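Residue strings, one per chain:
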Amino acid sequence: MLLAIDTSTSAVTAALHDGRDVLARTSTIDARRHTEILAPAIEAMFAETDVAPADLSRVAVGVGPGPFTGLRVGIMTAMTFAYALDLPIGGVCSLDALAHRAQTLGMRGPLLVATDARRKEIYWAHYDLDGGPIVPGDPAVDKAAAVAEQLGDIPAVGRGARLYADVLHDATRAAAAGAVDTSGDAALTGAGEAEVLLDVDAADLAIVAHERVMAGERLLDTEPLYLRRPDAVPAAAAPIARVLGR
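Some remarks on the packing of helix 3 (residues 94-104) against helix 7 (residues 202-214)
Thinking step 1. Packing of helix 3 against helix 7 brings their axes to within 8 Å, and their N-to-C directions diverge by 100 degrees. Comparing the axis directions of helix 3 and helix 7 gives the class roughly perpendicular. Judged by residue contacts, Asp96, Ala97, His100 and Arg101 of helix 3 engage Asp204, Leu205, Ile207, Val208 and Arg212 from helix 7.
Thinking step 2. Across the contact of helix 3 with helix 7, the residue classes break down as 4 nonpolar, 1 polar and 4 charged.

If you want it as structure tokens, here you go:
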């Protein structure tokens, strides 16, 4: 049983993957309360699925890029689970999870994944979707206009695409308009169509991590991809002792 966690975007999200499919996921959009939300959400997910921390065999965590404070909460929580339960842990570029979601919804060809980096910038990576496993992206941080000039008019997903739709080809509107089909997708239960291509969902991160582990690929280290100096001091890790039953 794999536990996946991501707090790199406005979504505070976690998921369980049982080796065949996503068993459960939780996601709350709140860019300022990662610490307060994450641990109770994981605890509730365990309770709803009758999964105990002792059932876990691996932990995967989105390592960004993302804002310093929020990103740190997810990584520290994942590391605490792994350390307390003596589990292997690995990182996944969070942008890869959004690329996976876009591909699952039928998108193919060149894709820009862009999340909000604040300071009027985006965290971004370029992908070529062909229906196969997502090739790890090479993330960077830049002004949206500079990325548009470099890549041209290719579809873009992520909250950065929505924020800078004046210069980026915002493909998240297709989800909002119902042009992509999210019905029948268990990983998206409770997710509105307008949101599925804006923020990372740990269900996608869990799938990407599982596929890479099964393919014998090494996951990333848990070193966060900040890409620039932090705006603030780190927040404390989520209080997970109660989740672990300690």
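Here the narrative resumes.
Some remarks on the nonpolar core
Thinking step 1. Counting residues in each nonpolar core, the largest one holds 33 residues, and the members touching the most others are Met107, Leu111, Val113, Tyr127 and Leu129.
Thinking step 2. Every element with two or more residues in this core is listed here: strand 1 (2-6), helix 3, strand 6 (109-116), strand 7 (121-129) and helix 7.
Thinking step 3. Setting aside chain neighbours within four positions, we find leucine 111 in contact with Ala99, Ala102, Ala125, His126, Tyr127, Leu129, Ile154, Pro155 and Val157.
Thinking step 4. Core analysis: the second largest hydrophobic core is formed by 25 residues, Ala14, Val59, Val73 and Ala82 among them.

A short note on the pairing of strand 1
Walk down a regular strand and you will see the side chains alternate between the two sheet faces.
Thinking step 1. Judged by how many residues are buried, strand 1 sits mostly within the fold: 5 of 5 residues are covered.
Thinking step 2. Residues of strand 1 alternate between two faces, with Leu2, Ala4 and Asp6 on one and Leu3 and Ile5 on the opposite face, all of them buried.
Thinking step 3. Where strand 1 lies against strand 2 (residues 11-17), 5 bridges are found, and the strand directions are antiparallel. Along strand 2, the bridge assignment pairs aspartate 6 with threonine 13.
Thinking step 4. Hairpin connection of strand 1 to strand 2: 4 residues between the antiparallel strands.

Some words on the packing of helix 1 (residues 34-49) against helix 2 (residues 68-85)
Helices that pack against each other are described as a pair by the angle of their axes relative to one another and the distance between those axes.
Thinking step 1. Contact pair helix 1 / helix 2: the axes reach a minimum separation of 10 Å and the direction vectors enclose 40 degrees. What the angle tells us is that helix 1 and helix 2 run oblique. Of the two possible hands of crossing, helix 1 and helix 2 adopt the one that is right-handed. Side by side, helix 1 and helix 2 meet where His34, Thr35, Leu38, Ile42 and Phe46 of the first sit next to Gly70, Val73, Gly74, Thr77 and Phe81 of the second.
Thinking step 2. A per-class count over the contact of helix 1 with helix 2 returns 5 nonpolar, 5 polar and no charged.

What counts as what
Residues numbered from 1 in each chain as written. Predicted model: local features only at pLDDT ≥ 70, side-chain atom pairs only at ≥ 80, totals over all residues. Heavy atoms only, no water. Axes fitted to C-alpha atoms, helices over the stretch in contact; angles between N-to-C directions. Helix = DSSP H or I, 4+ residues; strand = E, 2+ residues; numbered from the N terminus. Parallel < 35°, antiparallel > 145°, perpendicular 65-115°, else oblique. Contact = heavy atoms within 4.5 Å. Nonpolar A, V, L, I, M, F, W, Y, C, P; charged D, E, K, R; others polar. Core = buried A, V, L, I, M, F, W, Y, C linked by side-chain atoms within 4.5 Å. Buried < 20%, exposed > 50% of the residue type's maximum accessible area, 1.4 Å probe, protein only. Pairing = 2+ DSSP bridges. Left-handed = near helix turned anticlockwise from the far one by under 90°.

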